[in-house]
Amino acid sequence: MSSRSAVVFPKDLRILKILGENISLAMKRRKITQTRLSERTGLSMPTLRNITRGEPSVSIGHYLVVLSVLGLAEDLGKVALDDEFGRRLQDIELLTSKHKKKPTSQAS
């Protein structure tokens, strides 16, 4: 059984790198070492290093476990919460469907 890894474009790799840096900073602010985080999460040191580097090969579940130990799991729930682009698409659809409807004539 071979494992498949996601194809991640350079722009998105930068986002993951920023996530890894943010996790690393959160650990430092809390004075939590990778060793202690490994003990608390059950994740291996290489996996934790990959997380702090923002490696795309690490499952989102492992990122969540780390965020949870850091007290930041709720942050993951905020992803895509404010879907500005989706709302614009929806508004366009609502406006165009409104214009397509013909006014109904009322009999007097």
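For the structure itself, consult the block above.
Let us look at the structure shown here. On a predicted model such as this, the values are computed, not experimentally measured, just so you know. (Residues numbered from 1 in each chain as written. Predicted model: local features only at pLDDT ≥ 70, side-chain atom pairs only at ≥ 80, totals over all residues. Heavy atoms only, no water.)

Looking at the environment of Tyr63
Then, number 1: With respect to the helices, strands and loops of the structure, Tyr63 is situated in helix α4 (residues 60-69).
Then, number 2: When the C-alpha atoms of Tyr63 and Thr52 are compared, they prove to be 9.4 Å apart, with 11 residues separating the residues in sequence.
Then, number 3: With sequence-adjacent residues up to four places away left out, Tyr63 is seen in contact with Leu16, Leu19, Ile23, Asn50, Ile51, Gly54, Glu55 and Val58.
Then, number 4: There is a polar contact of 2.9 Å between the side chain of Tyr63 and the backbone oxygen of Glu55. (Helix = DSSP H or I, 4+ residues; strand = E, 2+ residues; numbered from the N terminus. Contact = heavy atoms within 4.5 Å. Polar contact = N/O pair within 3.5 Å; in protein donor to acceptor, adjacent residues only side chain to side chain.)

A look at the pattern of salt bridges
Opposite charge on two side chains makes pairing possible when the charged atoms of those side chains draw close.
Then, number 1: Overall, the coordinates contain three salt bridges when judged by the stated rule.
Then, number 2: Across the salt bridge formed by Arg87 and Asp82, the nearest N and O atoms sit 2.2 Å from each other.
Then, number 3: Judged by its relative accessible area of 41%, Arg87 is partly exposed.
Then, number 4: We note a salt bridge from Glu84 to Arg88, for which the minimum N-O separation is 3.1 Å. One end of the pair is Glu84 and the other is Arg88, both in helix α6 (residues 84-100) and four residues apart, which spans about a single turn.
Then, number 5: With a relative accessible area of 46%, Glu84 lands in the partly exposed category.
Then, number 6: Overall, the relative accessible area of 47% leaves Arg88 in the partly exposed class. (Salt bridge = Lys/Arg side-chain N within 4 Å of Asp/Glu carboxyl O. Buried < 20%, exposed > 50% of the residue type's maximum accessible area, 1.4 Å probe, protein only.)

Keep in mind these numbers describe shape, not what the thing actually does.
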